Amino acid sequence: VAVARAFQDLYGAVRVVFVVASLQGDQDPQPNINARYTVEHVEIRGIPEGDLATQLRAELQGLVGKRLDSDEARQFEERLRAALPDYDVRRRIVRGSRSGQICLLFVLSRAESARWLPFLPLKSKFVYHSDQGWGGVLDIPISTSNIRVTPIIALDNGDDLIEEYSGFGIRVETRKLGTERLGASLEWSTFDPSWQGETLTALDMNPRVSGAYDNRSTVTPLMTFALSPWLRVAGGVSICELEPLSDFPESQMANVVVASIGYGQRWRQASGPSHRVDAAFTLRASSEALESDLDYTRSFGQGLYRYRRGHHSVLVSGMGGGISGDAPLFERFSLGDSQTLRGWNKYDIAPAGGDLMFHASVEYRYRGLAFFLDNGSVWDRETDSRWRVSTGVGLHSDPVFFTVGFPLNAEGVSAVFTMGIRFSGVEIRSY
């Protein structure tokens, strides 16, 4: 009997515990600790008073005096984004002036896509090419809303030009000179190139092409004006001093006037695909007024279209250019790097570059997996052009990439591997 009574008492105690726990669970405790506090006031920062509809501003003030409802605050945040698509919206909560009260802040900042003038694209990357080795560029932006200072460091970068260069520089730029339509930049750099044996041999066989140099130092001041949020023009000069490998001449000046026009627009359909279109055309021409030792004109155009829907995207790009006169080697065109004619080695195509160039590419991506087809040609005016085609696959997990390219019309079967880190992605430079 004693054992039975003890069991009954224990059973009753257990029932009481479960009943109490159940009642506490039914109270639906608020997981958000801020819900304990009352909203002292609501403030919107970053836009003039008249830029927000009076009704929406009044509804936001209706939160004052109530306990903070996170869902309601989040809904207002989304409504602000919809009402002000040119702004980025951040919601903050700070301590109020009295105990138990908080201040709800909506901080708005101008979206980068809504600026009249973007900063110049960064070029930071570290790339490995199975035929050309490692190299890269690191630019470190230090910026405010309208001013940016960017130190530049290059180490064995052979992905852009015929030369493989190392050195450093700095770029200072502003995108607001009295008005957001007008901007300016000043870039200085000094690079020490190294040359492949194939390039030096090609130069010996073609005296028409300007010779190799031991150092190039460049100063480039530019002004940019936005005709619209999508269309920009730029102009300036590029003063470049080349120190040749040989003792004569002591140095050469490659000074040009720079003019360009660039277009860029992005749009997205509601619950649908997004589109991006970029295009640019640049003209660089020497002038007697600049006292250039090398007389030449270089024109270059580039276009890019990207379609994205869900995990699917298609990228179509093309570029072409021409040079007349005696251009330095850093101005001559090349193909066969980590972004053009993937599967080819540029020193097998045109080791000293070419006067004329055309390239087109189409790429399909699903999540991080990519399939591409590249084709193009680079040649000199007095020679016949040869069209080259390559295809391959890649893996992209921004900013890391890995590609395997195969030339389709080469004499032998081979593969070219490229891998590395590219922070800027595929970009259009208007100059």
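Thresholds, definitions, all that
- Residues numbered from 1 in each chain as written.
- Predicted model: local features only at pLDDT ≥ 70, side-chain atom pairs only at ≥ 80, totals over all residues.
- Heavy atoms only, no water.
- Buried < 20%, exposed > 50% of the residue type's maximum accessible area, 1.4 Å probe, protein only.
- Helix = DSSP H or I, 4+ residues; strand = E, 2+ residues; numbered from the N terminus.
- Pairing = 2+ DSSP bridges.
- Patch = residues over 30% accessible without salt bridge, like charges linked within 9 Å, V, L, I, M, F, W, Y side chains within 5 Å.
- Areas by Shrake-Rupley, 256 points an atom, 1.4 Å probe, with all protein chains shown as cover.
- Salt bridge = Lys/Arg side-chain N within 4 Å of Asp/Glu carboxyl O.
- Lys, Arg positive; Asp, Glu negative; His and termini not counted.
- Charge placed at Lys NZ, Arg CZ, Asp CG, Glu CD.
- Contact = heavy atoms within 4.5 Å.
- Polar contact = N/O pair within 3.5 Å; in protein donor to acceptor, adjacent residues only side chain to side chain.

Topic: the pairing of strand β19 (residues 388–397)
What you see with β19 is a clean split: R388, S390, G392, G394 and H396 sit on the buried side and V389, T391, V393, L395 and S397 on the side with no burial. Of the strand pairs in this sheet, β19 and strand β20 (residues 400–407) are connected by 8 bridges, and their pairing is antiparallel. For S397, the partnering residue across the bridge sits in β20 and is V400. If you look at the hairpin formed by β19 and β20, you'll find 2 residues sitting between the two strands.

Details of a negative patch on the surface
A grouping of D192, D214, E241 and E243 is seen on the molecular surface, where their side chains present a negatively charged patch. Along the chain, D192 turns up in strand β9 (residues 182–194).

Comments concerning the side chain of E164
Secondary-structure assignment places E164 in strand β8 (residues 164–174). Those residues within four positions of E164 in sequence are excluded, and the remaining contacts are Q132, D156, N157, G158, D192, P193, S194 and Q196.

Some words on the environment of R36
Here R36 shows up in the loop between α1 (2–26) and β1 (38–45). Judged by its relative accessible area of 60%, R36 falls in the exposed class. Measuring from C-alpha to C-alpha, the distance between R36 and G100 comes to 7.6 Å, with 64 residues separating the pair along the chain.

What to know about the side chain of N215
Along the chain, N215 turns up in strand β10 (residues 213–226). Under the relative-accessibility criterion, N215 is labelled buried at 8%. At 3.1 Å, the side chain of N215 and the side chain of T190 are in polar contact. Separated by 3.0 Å, the side chains of N215 and S217 make a polar contact.

Let's talk about the pattern of salt bridges
By the definition in use, this model includes 25 salt bridges. Across the pair D159 and K125 runs a salt bridge whose closest N-O atoms are separated by 3.0 Å. Pair noted here: D159 is in the loop between β7 (147–157) and β8 and K125 is in strand β4 (residues 125–129), with a separation of 34 residues, a long-range link. Accessibility assignment for this pair places D159 and K125 in one class, buried. With its nearest N and O atoms 2.9 Å apart, the salt bridge here joins R208 to D355. On the criterion of sequence distance, the pair formed by R208 in the loop between α4 (197–205) and β10 and D355 in the loop between α5 (346–349) and β17 (356–366) is long-range, its members being 147 residues apart. In this structure, a network of salt bridges that share partners links the residues R208, R332, D355, D380 and E382.

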